[in-house]
Amino acid sequence: MKLLFAPASPYSSKVRMAARHLGIELEEVRVNTAENPPELVDANPLGKIPTLITDDGTAIFDSRAIMQYLHRLSDKRLYPKKDEKRTEADVLEALADGIADCLLAIVYEKRFRPPELVSQDVIDRQWAKINRSLDHLDKHLPKIGKKLHGGHFALASTLGYLMLRFPGEWENGRAALTEWPAKFAKHFEPYPALRPKA
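Residues numbered from 1 in each chain as written. Predicted model: local features only at pLDDT ≥ 70, side-chain atom pairs only at ≥ 80, totals over all residues. Heavy atoms only, no water.

Chemist: How would you summarise the UniProt feature "domain: GST N-terminal" (unreviewed entry) in the protein if you had to cite specific residues and measurements?
Modeler: As recorded in UniProt, the feature "domain: GST N-terminal" (unreviewed entry) lies at residues 1-78. Between the C-alpha atoms that bound residues 1-78 the distance is 18 Å, and the span itself is 36% helix and 17% strand. (UniProt positions renumbered as here; feature names shortened; annotations may be inferred. Helix = DSSP H or I, 4+ residues; strand = E, 2+ residues; numbered from the N terminus.)

Okay, structure coming up:
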């Protein structure tokens, strides 16, 4: 199987970590979405990453659909069996992905618009969502038990993206959340190599 990805992408990071955790080998192909490479847009008309291409040529996207596919493919579980625990994992993944969505909206606002057209109101609205979510996570920190699940990988990738793009802008007053990645790394040693990188 082939994974089209970018190293800085939190969604790509999440999928790469999950695959490694499950023991699923992927051929990882770096792509630049800004260039609309044919290999990507022919597989995914949205031109977004990550996109997984199976051995029979089926394209699977977005990251949550890929995570569900990997869960079904592996003998090892990526999501809890019990309904209540599964819902907790799903909600954590949705929250972490939602934070990543807000962070990327800020990055794109600054990167792709002329400086005079950058909207501080848009940035402030995104930061309000991010701060509420980070405060919630700091107070309701997900426990890392014997088994990691999809929500853990989503949170680890999003915090990795914060560390990459917004160092010093989110940690203050959130000691528990700031310490969480180091605790996660003790349960998943490849984390430093697979978290979002420039």
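Picking up after the structure, the text goes on.
Chemist: Can you tell me about the side chain of Ser157, naming the residues and giving the values?
Modeler: Examined against the element boundaries, Ser157 turns out to sit in helix 6 (residues 150-165). Not counting the four nearest positions on each side in its chain, Ser157 is found in contact with Pro10, Ser13, Lys14, Met17 and Pro196. (Contact = heavy atoms within 4.5 Å.)

Chemist: Which residues make up the packing of aromatic side chains, and what are the values?
Modeler: Taken as a whole and assessed by the stated rule, the structure comprises 7 aromatic pairs. With a centroid separation of 5.5 Å and 45° between ring planes, the pair formed by Tyr108 and Phe112 is classed as tilted. Of this pair, Tyr108 and Phe112 are both found in helix 4 (residues 83-112), 4 residues apart, which corresponds to roughly one turn of the helix. Relative accessible area serves as the criterion here: at 41%, Tyr108 is assigned to the partly exposed category. (Phe/Tyr/Trp six-rings, centres within 6.5 Å; stacked < 30°, edge-to-face > 60°. Buried < 20%, exposed > 50% of the residue type's maximum accessible area, 1.4 Å probe, protein only.)

Chemist: Which residues make up the packing of helix 3 (residues 63-73) against helix 4, and what are the values?
Modeler: For the pair helix 3 and helix 4, the least separation of the axes is 12 Å and the interaxial angle reads 150°. The crossing of helix 3 and helix 4 is right-handed. Here Ser63, Arg64, Met67, Gln68 and His71 of helix 3 lie close against helix 4, whose contacting residues are Arg86, Asp90, Glu93, Ala94 and Asp97. Across the contact of helix 3 with helix 4, the residue classes break down as 2 nonpolar, 3 polar and 5 charged. (Axes fitted to C-alpha atoms, helices over the stretch in contact; angles between N-to-C directions. Left-handed = near helix turned anticlockwise from the far one by under 90°. Nonpolar A, V, L, I, M, F, W, Y, C, P; charged D, E, K, R; others polar.)

Chemist: So what's going on with the packing of helix 4 against helix 5 (residues 120-139)? Which residues, and what values?
Modeler: Between helix 4 and helix 5, the least distance of the axes is 9 Å, while the angle of their chain directions is 150°. Classed by the angle they form, the pair helix 4 and helix 5 counts as roughly antiparallel. For the pair helix 4 and helix 5, the crossing hand works out as left-handed. On the side of helix 4, the interface is formed by Leu92, Leu95, Ile99, Cys102, Leu103, Ala105, Ile106, Glu109 and Lys110, while helix 5 contributes Val122, Ile123, Gln126, Trp127, Lys129, Ile130, Ser133, Leu134, His136 and Leu137. For the contact of helix 4 with helix 5, the per-class residue count stands at 13 nonpolar, 3 polar and 3 charged. (Parallel < 35°, antiparallel > 145°, perpendicular 65-115°, else oblique.)

Chemist: Before we move on, could you go through the sheet that holds strand 4 (residues 59-60) and cite the residues and values that matter?
Modeler: Ordered in space as 2-1-3-4, the 4 strands form an open sheet in which the pairing is mixed. Either end of the sheet is taken by a strand with one partner, and the two such strands are strand 2 (27-30) and strand 4. Two elements, strand 1 (residues 2-5) and strand 3 (residues 51-53), share 3 bridges in a ladder whose sense is antiparallel. Bridge pairing in strand 3 links Leu4 to Thr51. (Pairing = 2+ DSSP bridges.)

Chemist: Hey, could you go over the pairing of strand 1 for me, with residue numbers and the actual values?
Modeler: Residues in a regular strand project their side chains so that they alternate between the two faces of the sheet. Across 4 bridges, the pairing between strand 1 and strand 2 is parallel. Note that in strand 2 the partner of Leu3 across the bridge is Glu28. In terms of handedness, the path from strand 1 via helix 1 (residues 10-22) over to strand 2 forms a crossover that is right-handed. (Right-handed = clockwise from strand over helix to strand, strands pointing away.)

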